[in-house]
Amino acid sequence: MTEGRTYQDMLGGLESFWGEYGCVLLQPYHTEVGAGTMNPATFLRCLGPKPWKTGYVEPSMRPSDGRYGENPFRFQHFYQYQVVLKPSPADVLDLYFASLERIGIDLKRHDVRLVEDDWEAPTLGAAGLGWEIWIDGMEITQFTYFQQLGGFDVELVPAEITYGLDRLGMVLQGKRTVFELEWAPGVTWEELFRENEREFSVYNFEAASTDVLARHFEDHEVEARALLERDLPLPAYDQVLKASHTFNLLDARGAISVTERAAYIGRVRNLARAVAQMWLERQRPSAPEAASTEADAHAAV
Amino acid sequence: MPTLLFEIGCEELPASACDEANVQLPELCRRLLNAVPSDLYLGPRRLGVLVPDLPERTPDAWVKGPPLSVAFGEDGKAAKAAEGFARKQGVAVEALEQRDGTVGVVVPGEELRVVLPARLAEIVRGLSFSKSMWWNGDGLRFSRPVRWLCAKLDAETIPVEFEGIPSDGFSYGHRFTSGRVDIPAADAYPETLRAAGVEPDRARRWHDICTALDELGSWSDPGDVLGEVVYLVESPIVLEGRFDERFLQLPPRVVITAMQAHQRYFPLGENRFGFVANGGDPNVVRAGNEQVLENRLDDAAFTFERDVAKGIDALAGELGSITFIAGGGSFADKTERLVKLVERLGGGEASVEAARLAKADQAAELVREFPDLEGHIGAEYARLAGYPEAVSAAIEEHYLPESAGGPLPQTEAGKILAAADKIDNLTVAFSLGHKPTGSRDPFGLRRAAIGLGRLAREGGLAIQRDDLGDTRDFVEERFESLLAVPVEFVRAARRSAATELRGVAELALALAALPDEKLDPIHTAYTRASRIAAETEPGPVEPALLSEPAEREVLDAVAKAEPEIRDALTSHAYDRALDAAAQLGPPLARFFEDVLVMADDPAVRANRLRLLLEVRDALGQLGDFSEIPR
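No experiment lies behind these values; they were computed from the predicted model shown. (Residues numbered from 1 in each chain as written. Chains lettered and ligands numbered in written order. Predicted model: local features only at pLDDT ≥ 70, side-chain atom pairs only at ≥ 80, totals over all residues.)

Each helix and strand counted, chain A has nine helices and ten strands in total. By the compact-globule yardstick of 19 Å for 301 residues, chain A fits well, its C-alpha radius of gyration being 20 Å. With respect to the three principal axes, the spread of C-alpha positions in chain A is 55 × 45 × 35 Å. The buried share among the 301 residues of chain A stands at 47%. Contacts in chain A between residues far apart in sequence, at least 24 positions, make up 67% of those at least 6 positions apart. (Helix = DSSP H or I, 4+ residues; strand = E, 2+ residues; numbered from the N terminus. Rg over C-alpha atoms; globule rule 2.2 N^0.38 Å. Buried ≥ 20, exposed ≤ 12 C-beta atoms within 10 Å, placed from the backbone. Contact = placed C-beta atoms within 7 Å.)

Put into structure tokens, the structure is as follows:
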């Protein structure tokens, strides 16, 4: 097995590969998301007629996947590396495989497979077709050609490549568990994150106040609507993301019945759709505020 | 005549898309090329056809014009319609031909070589998939992106200009060990690909995989994944893996499902499994796959232990927060209904206990991971909690039969619980307006109704027809397809006085098995009596008004047959019931011979009609014979 390739080396390799290809290298978004797809750099910028190429690390937070740091393969917080190429070039798969070679995976030694996976994210009104990409039976990447986002058909079909960094690290370092992954020379994943998993699992499953969370959900929803009223889709989208994460926490706390679940998801989806619609309108060449609104929104943060 | 090779090169196709292409490609070739492929080469990265003896021309086509009555005027000259059609087709009106009552023109076929590129593009466009995508603006929709087209007519490359997809006589070999390969000639296609690390023939891949699995030992494929695996690999290598023996403590079906549903492995018994790779260093690939399976089993073991620590009774206690069908209450509500239904179906202690626990595993984490194992996991948890085997078995069996012809529950409690579950599914779904329409049946109600019918007939379960409420017709209609008798017999039997569901089936079978000489007299008696007496007010028959011997004979016969039929029906003695009915045939025949029903005396007439009504009702206990055509 390959020696001397740390987690941070792997990240650096992906960054440099996609940077050289011409991607805008961004940083993680500033609020909790369940997947890199929810970062506006994917969700919003994949809509509309403008080409876009980006790559970034995204911490993925999924409260109900926590296992108190006892299960070495499932976590409520893990990292993805997200690449979006809009429109998808004809050699997109070759590019992807070249990126794996760049970080040290010998594709001839492994069994690499593209296994059908039709992706859907109901809270985002998003859907696409693509694959789970397996190496020796382990899913290391989700590859999706988006077809719809926020309920709108995409105009230029983007390819979304989401690397599961923990599993990719296991393949690269030949480790049996994520705990053993070497993040930096001499520093393991376990040292960095295991206590984090334990505490957040306690928070997610036991300690989080459901009353407070339920109130927050309502507040974020109201705030999102108010911001949409004021033509501020970007800050409104932050409120959608916060509402979505709050919903995930309520779900992990077991505070949401199956019936309520569908209703909550519907509320988040409606907001996401409204944001997408407003953002799309801004992408039309005729929209006067197209450039300035975005700058304003970022300045406000 | 030349041989054509046409390959549509794709990014990795789902197995289902290969299956669909397998059906559609021969027909597309026939329609567009006027030829039949000798071989199909279907796999994840290519849909190929080899067409020997490609004709030189496309077939002549008949273009139908207006009907003769419109095309020509009364004077026999061409009318406007014919002239317009001829103009549109670019021929003189005199050149129009007549066939089958219309005019038309024969458009001569074209030289195939000339139109071939367009026809091949048409094949690509003509394939339709149940799920398709676009990847290039609003261009072609296909199962996955098409990345190259390779067409060879013998050794000649036919460029296919289509959506800018490269097409220059090249194909691609194995994705990682080979690359672009030149196809020298159409019939060299399979061997060229084999040299490039690809076995293009699905049947050969299938054979190779099976042979290699056989060498590993006795393998199984309970989830039927081989059909998919054969389309996931182009260069199959079969390997053997093992997992840690401590996972053998998990319920075996959990282990098998983890192997099959997620990883598409083939269990070899104990802790061994076979799997199919598409390349790579066997040692590296084996180690990786073993690791992945152990990770999955580890997670399953983690959730299993948590569920077991909670226990099945605690899980049952959580059902109040899990919705059954939106609007149909929670699984706790369903559980209450199941208990009542089981009692009504005559269930004893074991089935009532099983009903109370039947849905507990809906709250189990392991079922969330392995939804297909509902029922099985609940049964395992009941066993671990020390419930009697009859209870566990009933929980295990209560989703049976899983398909129209699938096995039925074997235990008495299992049968009763299975019937109760189906009655509840049907009743709740119907009350919410989810009656299946056309092919839409999201709640599997047809299967539930078929299951219920089979539990009644084959399982001998006493299910009262009245207990089926609004779903009764829907359930009984299933017998029309379930029983191998003409539907009329089922329709007749559904109108019978049988109180149990199985009675409908047994009667339909008994009626259908009846020889004509036995059925005919009953049929005639019933249909004549009911036709004549249709408008009659029911009322008692006055014996004093019956003057003719033949009518007194009928009265005696009815008085004897009616209770006999009723009694035989109740004791499920359907042949005896029909025998009793047959006794009414001869007296009725004499009655119609000797007696004038429409007597002048209104009182006598009414009395005779009431007598016929009694005959009809006595026989009608066995069904509506007028449904049976004679």
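One can find Gly137 of chain A in the loop between strand S5 (126-135) and strand S6 (138-149). Note on Gly137 of chain A: 25 C-beta atoms within 10 Å, which makes it buried.

Looking now at the interface of chain B and chain A. Taken together, the contact pairs 33 residues of chain B with 32 residues of chain A. Of all elements in the fold, only strand S7 (133-134) and helix H9 (282-310) of chain B reach the threshold of two or more residues within the side of chain B that touches chain A. Across the side of chain B that touches chain A, the residue classes tally to 13 nonpolar, 13 polar and seven charged. (Nonpolar A, V, L, I, M, F, W, Y, C, P; charged D, E, K, R; others polar.)

What follows is about the packing of helix H22 (residues 516-532) of chain B against helix H25 (residues 585-594) of chain B. All names here are of chain B. At a minimum axis distance of 9 Å, the contact between H22 and H25 shows a crossing angle of 50 degrees. Between H22 and H25, the crossing angle belongs to the class labelled oblique. Relative to H25, H22 is oriented so that their crossing is left-handed. For the pair H22 and H25, contact is made by Pro521, Ile522, Ala525 and Arg528 and by Gly585, Leu588, Ala589 and Phe592, respectively. Split into classes, the residues belonging to the contact of H22 with H25 amount to six nonpolar, one polar and one charged. (Axes fitted to C-alpha atoms, helices over the stretch in contact; angles between N-to-C directions. Parallel < 35°, antiparallel > 145°, perpendicular 65-115°, else oblique. Left-handed = near helix turned anticlockwise from the far one by under 90°.)

Our next topic: the environment of Lys152 of chain B. Residues and elements named next belong to chain B. By the element assignment, Lys152 lies in strand S9 (residues 146-153). For the pair Lys152 and Gly169, spaced 17 residues apart in the sequence, the C-alpha separation amounts to 6.5 Å. Here Lys152 is in contact with Leu5, Thr157, Ile158, Gly169, Ile183, Ala185 and Ala186, once residues within four sequence places are set aside.

Residue and element names in this part refer to chain B. Their axes nearest at 8 Å, the elements helix H20 (residues 487-494) and helix H21 (residues 501-513) cross at an angle of 130 degrees. Our classification of the angle between H20 and H21 gives oblique. Relative to H21, the crossing made by H20 is right-handed. Only Val504, Leu507, Ala508, Leu511 and Ala512 of H21 make contact with H20, whose side of the interface consists of Phe489, Val490, Ala492, Ala493 and Arg494. Considering only residue class, the contact of H20 with H21 consists of nine nonpolar, no polar and one charged.

Looking now at the confidence of the model for chain A. All names here are of chain A. Residue-level pLDDT values for chain A average 90, and 92% of them are 70 or greater. Of all the helices and strands in chain A, helix H9 (residues 290-300) carries the lowest mean pLDDT, 43, while strand S1 (residues 24-25) carries the highest, 98. Note on residues 288-301: pLDDT under 50 across the span, and nine contacts to partners over four residues away in sequence or across chains. (pLDDT = per-residue confidence, 0-100.)

Residues and elements named next belong to chain A. Taken together, the buried positions of helix H3 (residues 92-102) are Val92, Leu93, Ser99 and Leu100. The arc enclosing the buried residues of H3, seen along the axis, measures out at 115 degrees, which places them on a common side. Residues of H3 that are buried in the fold lie against helix H1 (7-21), strand S3 (77-86) and strand S8 (159-164). Looking one or two residues beyond H3, the residue adopting positive phi is Gly104, at roughly 110 degrees. (Arc of directions from axis to C-beta.)

Cis geometry is found at the peptide bond from Lys86 of chain A to Pro87 of chain A, where omega equals 0 degrees. Inspection of the secondary structure assignment puts Pro87 of chain A in the loop between S3 and H3. Following Leu400 of chain B, the chain continues to Pro401 of chain B via a peptide bond in cis, the omega torsion being -5 degrees. When you line up the elements, Pro401 of chain B lands in the loop between helix H15 (389-397) and helix H16 (412-431). The backbone of Tyr68 of chain A sits at a positive phi, close to 60 degrees, despite the residue not being glycine. With 15 C-beta atoms packed within 10 Å, Tyr68 of chain A lands in the partly exposed category. Residues other than glycine seldom take positive phi values, yet Arg264 of chain B does so here, at roughly 60 degrees. Mapped onto the fold, Arg264 of chain B is located in the loop between helix H8 (252-262) and strand S14 (266-267).

Hydrogen bonds between backbone groups are what pair the strands of a sheet, and the pairing can be parallel or antiparallel. Residue and element names in this part refer to chain B. Spatially, the five strands line up as an open sheet ordered S2-S3-S1-S9-S10, and their pairing is antiparallel. Each edge of the open sheet carries a strand with a single partner, namely strand S2 (39-43) and strand S10 (156-157). Pairing of strand S1 (residues 4-10) with S9 involves seven bridges; the strand directions are antiparallel. Counterpart to Ile8 in the pairing with S9 is Leu149. (Pairing = 2+ DSSP bridges.)

Further remarks concern the sheet that holds strand S5 (residues 97-99) of chain B. Residues and elements named next belong to chain B. Here three strands make up an open sheet; going across it, the order is S4-S6-S5 and the pairing antiparallel. With one partner strand each, in any of the chains shown, strand S4 (61-67) and S5 form the two edges of the open sheet. Adjacent strand axes in the sheet meet at a mean angle of 45 degrees, parallel and antiparallel pairs treated alike. Direction of pairing for S5 relative to strand S6 (residues 102-107): antiparallel, over a ladder of three bridges. Bridging across to S6, Arg99 finds its partner in Thr102. Helix H3 (residues 80-89) rests against S4 and S6 of the sheet, and its axis sits at about 155 degrees to S4.

All names here are of chain B. Strand S15 (residues 272-277) sits mainly inside the fold: five of its six residues count as buried. Pairing of strand S13 (residues 237-242) with S15 involves six bridges; the strand directions are antiparallel. Directly across from Val238, in S15, lies its bridge partner Val276. If you look at the hairpin formed by S14 and S15, you'll find four residues sitting between the two strands, and Gly269 has a positive phi there, around 90 degrees.

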